Amino acid sequence: MAGRINDDDVKAVRDAVPIDSVVSEYLQLRNAGGGNLKGLCPFHDEKSPSFQVSPSKGLFHCFGCQEGGDTIAFVMKIDHLSFSETVERLAAKAGITLRYEEGGYNPGHQRGERIRLIEAHKIAAEFYVTQLDSPEAEIGRKFLAERGFDQAAAEHFGVGYSPAGWDHLTRFLRGKGFSDKELIVSGLSQEGRRGPIDRFRGRLMWPIRDVGGEIVGFGARRLRDDDNGPKYLNTPETPVYKKSQVLYGVDLAKKEIAKTSRAVVVEGYTDVMACHLAGVTTAIATCGTAFGGEHIKILRRLLMDNGSARVIFTFDGDAAGQKAALRAFEDDQKFAAETYIAIAPDGMDPCELRLAKGDDAVADLVEPRTPLFEFALRQIVNRYDLDTPAGQAAALNEAAPIVAKLKDFSVRQRVAVKLAGLLGIMEDQFVVRRVSQIAQWQRGKGDAPQSARRRSYDDVQVPTAPAGPALNLRSPAHRTERELLKLALQRPELVSPFFDAYGVDEFTAPPYAAVRQCIQDAGGADGAPADYVDAVLEAAPNDTVRTLVRELVVEAILTPRGKGPDEVYASEQLVTVRLRAVDRRIDQLNAALKRLGHTNPEQVASASQELYVLQQYQVALRSHGAAAL
């Protein structure tokens with residue numbers, strides 16, 4: 001047995017490898033003052049950085065989880081290594097030859113498991129690279145060339161080739177002193193009928209590195225028609241390779257991600273290559289699995305959750321890519337970064353786009369285009385006929401529960417308003433209420449959402465009774481609508497003849513919309529007879545609406561400085577309610593145009609014409625007031 005590592009050598013290793021250089025391989029560090037650095041702790045989940053590093057003292061400490069120690073302690077914990085394994089790794093990095101107390105050099109087969117597995121992968125990667133120059137690998141070189149990758153690109157990314165025979169790599173690694181058990185555990189070999197055989201045969205090979213730069217696995221691309229395996233075959237789960245905890249290209253991208261607070265998530269190895277060669281050096285990809293929570297933790301440590309951080313997904317435009325986008329949207333709130341999605345024309349991936357249109361097209365693709373939440377919601381609402389109330393209701397019923405999952409209240413409110421625009425629902429507060437109700441129900445704090453009770457949207461467009469929460473009289477819109485209704489009931493001559501031209505949907509509060517409907521059913525405010533209020537009360541569908549009508553009839557009109565209502569005050573209320581309705585319709589049309597894109601020229605032309613007319617009307621109302629009504 002080899003002895004204990006010499007104490008002087010341990011100290012030399014500790015002094016030779018600066019703690020900040022080691023820690024910065026795993027997370028972004030920023031100035032914390034007093035010569036210290038700070039970042040998001042890699043040992044527990046946190047939103048603000050409580051992990052600090054003191055380069056002068058060679059120590060780290062997290063004020064959140066209380067983890068701390070020196071460089072060796074950090075590497076031991078983050079990579080799950082023993083003390084001797086850690087010292088040996090750091091010594092290799094610093095170029096220090098270790099001595100052992102009993103005099104013997106520590107033989108390879110006595111090193112820790114992780115060190116041995118990493119070393120096996122490193123030697124395997126070198127073997128695969130040499131094989132790429134062989135005559136047999138011509139098919140692999142052709143594959144790369146057809147996708148725009150030359151020899152220099154292959155060398156930069158360490159792309160290699162696994163020979164088609166049964167055990168070329170296995171025999172090679174045995175010759176380097178690795179046991180059959182180590183080869184099986186590493187995932188480089190697998191059990192055959194007569195012993196271990198190569199797991200990867202006749203394929204292009206991409207080495208997969210962890211955030212520290214160590215090779216922990218491989219991704220292998222099928223090249224021949226007679227290969228019955230999957231298109232991409234990855235290393236199985238091993239002590240050093242967990243597919244949910246690795247990102248291809250992160251070793252090359254991490255410094256630029258930390259520097260620019262930006263990451264681009266693509267779908268495959270060739271997409272990462274294409275992006276990096278096109279100058280998008282923040283590109284990374286998952287390895288045979290969906291983008292998930294563990295991947296987010298890696299990115300958050302590099303991005304450090306600052307306000308300008310951005311994550312851009314470039315999923316394919318096909319059904320699988322859309323499904324992946326919806327999955328990513330469900331994890332979106334785990335980021336502090338803003339998330340976007342970019343899809344190339346014709347659904348091309350970055351590799352195809354670079355080949356077809358060059359590097360500049362790839363660089364342009366990943367400029368933020370569409371917020372991820374907006375893209376995800378579009379995928380839902382575009383499946384429905386939004387020109388019908390039934391289609392709007394069905395789309396809302398599917399999309400609202402997804403929005404309701406957003407935990408941040410303010411974000412949920414903003415996304416709900418955006419959803420209303422995508423659906424073409426003018427009354428955005430109805431959508432906000434629906435989402436809030438479902439959110440409460442999902443958390444077990446409220447009644448089942450209205451969608452579960454099959455309530456149709458028609459009931460809201462022309463309400464017959466107050467619905468939703470109590471009226472918010474602090475809302476400027478609700479206050480103005482209430483004042484206009486009081487004028488229409490108490491002094492109808494001041495708002496006539498304009499009031500009768502106001503639609504029910506110009507009143508955003510459902511109770512007020514119900515009262516407006518009653519006035520219309522009673523014959524309108526223009527030329528109101530003496531028994532006008534009685535007619536309105538008779539038109540009310542229930543006691544709740546009748547009670548509200550009585551309130552509005554007897555409540556004082558809130559004129560400035562207690563003066564009685566006059567035509568100027570009435571005009572102000574008329575203009576304000578109408579202007580808000582016009583603003584909402586303009587927002588709705590802009591959302592519709594965004595939704596339509598170039599898919600339906602006739603609808604685009606119609607919506608554009610209406611938008612132009614409304615914009616002119618908007619300007620006139622603001623400039624001329626009641627004269628523009």
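### A short note on the overall build of the protein chain
Then step 1. Scanning the protein chain for helices and strands turns up 27 helices and 16 strands.
Then step 2. The contacts of the protein chain with a sequence gap of at least 6 include a subset with a gap of at least 24, amounting to 66%.
Then step 3. With the model as given, the accessible surface of the protein chain reaches about 29200 Å², and the carbon-plus-sulfur share is 50%.

### Re the pattern of salt bridges
Then step 1. Counted by the stated rule, this structure contains 26 salt bridges.
Then step 2. Here D15 ties to K11 by a salt bridge, and the two come within 2.9 Å at their closest N and O atoms. A residue pair is termed a helical-turn pair when its members lie 3 or 4 positions apart in one helix, as D15 and K11 do in helix 1 (residues 7–16) at 4 residues.
Then step 3. With a closest N to O distance of 2.8 Å, R578 and E506 form a salt bridge. Linking R578 in helix 26 (residues 567–596) with E506 in the loop between helix 22 (492–495) and helix 23 (510–521), this pair joins segments that are 72 residues apart in sequence.
Then step 4. Residues participating in the shared-partner salt-bridge network are E374, R378 and K418.

### Let's talk about the packing of helix 21 (residues 476–490) against helix 26
Then step 1. Axis separation between helix 21 and helix 26 bottoms out at 9 Å; the angle between their running directions is 130°. Taken together, helix 21 and helix 26 sit at an angle that is classed as oblique. Viewed along their axes, helix 21 and helix 26 form a crossing whose handedness is left-handed. Side by side, helix 21 and helix 26 meet where P476, A477, T480, E481, E483, L484 and L487 of the first sit next to Y569, A570, Q573, L574, T576, V577 and R580 of the second.

### What to know about the environment of G347
Then step 1. Relative to the helices and strands, G347 is located in the loop between strand 15 (338–341) and helix 14 (350–357).
Then step 2. Separated by 33 residues in sequence, G347 and T314 have C-alpha atoms that sit 9.9 Å apart.

### Thoughts on the packing of aromatic side chains
Then step 1. As enumerated under the stated definition, the model contains 17 aromatic pairs in all.
Then step 2. Judged by centre distance (6.4 Å) and plane angle (65°), the rings of F43 and F51 are edge-to-face.
Then step 3. Residue F51 is classed as buried on the basis of its relative accessible area, which comes to 0%.
Then step 4. Between the NZ or CZ atom of K77 and the centre of the ring of F43, over which it lies, the distance is 5.4 Å.
Then step 5. We note R578 situated over the ring of Y502; from NZ or CZ to the ring centre the distance is 4.0 Å.

### As for the sheet that holds strand 12 (residues 262–266)
Strand pairing in a sheet relies on backbone hydrogen bonds. The paired strands run either parallel or antiparallel.
Then step 1. Within the open sheet, the 5 strands sit side by side as 13-12-14-15-16. Their pairing is mixed. At either margin of the open sheet sits one strand with a lone partner, and together these are strand 13 (283–285) and strand 16 (370–371).
Then step 2. Strand contacts of helix 10 (residues 250–260): strand 12 and strand 13, with the helix running at about 130° to strand 13, the strand carrying the most contacts.
Then step 3. Strands strand 12, strand 13 and strand 14 (310–313) of the sheet are contacted by helix 12 (residues 293–303), whose axis makes an angle of about 155° with strand 12.

### A closer look at the side chain of N6
Then step 1. Of note, N6 is situated in the segment before helix 1.
Then step 2. If we skip the residues at most four places from it in the chain, N6 touches R99, Y100 and E101.

### As for the side chain of E374
Then step 1. With respect to the helices and strands, the residue E374 is situated in helix 16 (residues 372–381).
Then step 2. By relative accessible area, E374 is classed as buried at 4%.
Then step 3. Side-chain polar atoms of E374 contact the side chain of R378, separated by 2.8 Å.
Then step 4. Those residues in contact with E374, other than ones at most four positions away along the chain, are K418, L422 and K594.

Rules used throughout
- Note on numbering: residues in each chain are counted from 1, in written sequence order.
- Reporting in this predicted model follows two pLDDT cut-offs: at least 70 for local features of residues, and 80 or more for side-chain atom pairs to be given and counted; totals over whole chains, interfaces and linings ignore these cut-offs and use all residues.
- To obtain the side-chain values, all non-hydrogen atoms of the structure were used and water was disregarded.
- Numbering of helices and strands starts at the N terminus; helices are DSSP runs of H or I of at least 4 residues and strands are runs of E of at least 2.
- Note on definitions: a residue-residue contact is assigned when non-hydrogen atoms from the two residues lie within 4.5 Å.
- The protein chains shown are the only cover counted for residues, whose accessible areas, like all others here, come from Shrake-Rupley with a 1.4 Å probe.
- What counts as a salt bridge is simple: a side-chain nitrogen of Lys or Arg found within 4 Å of a carboxyl oxygen of Asp or Glu.
- Lines are fitted to the C-alpha atoms to define the axes, a helix being fitted only along its stretch in contact, and any angle between axes, read from their N-to-C directions, falls within 0 to 180 degrees.
- Working rule for angles: under 35 degrees goes down as roughly parallel, over 145 as roughly antiparallel, 65 to 115 as roughly perpendicular, anything else as oblique.
- Helix crossings are classified by the rotation of the near helix relative to the far one: an anticlockwise turn of less than a right angle makes the crossing left-handed, while a clockwise turn makes it right-handed.
- Only centres within 6.5 Å qualify two rings of Phe, Tyr or Trp (six-membered ring in Trp) as a pair; their planes then separate them into stacked at under 30 degrees, edge-to-face at over 60, and tilted for everything else.
- Partly exposed describes any residue whose relative accessible area lies between the buried limit of under 20% and the exposed limit of over 50%, with all areas from a 1.4 Å probe on protein chains only and scaled to the type maximum.
- By definition here, charges over rings are those cases where NZ of Lys or CZ of Arg is within 6 Å of the ring centre and within 35 degrees of the ring normal.
- Should DSSP find at least two bridges between two strands, the strands are taken to pair.
- Identification of polar contacts relies on pairs of N or O atoms within 3.5 Å, with a donor-acceptor requirement for protein atoms, meaning one able to donate a hydrogen and the other able to accept it, and with residues adjacent in sequence counted only if both atoms are side-chain atoms.

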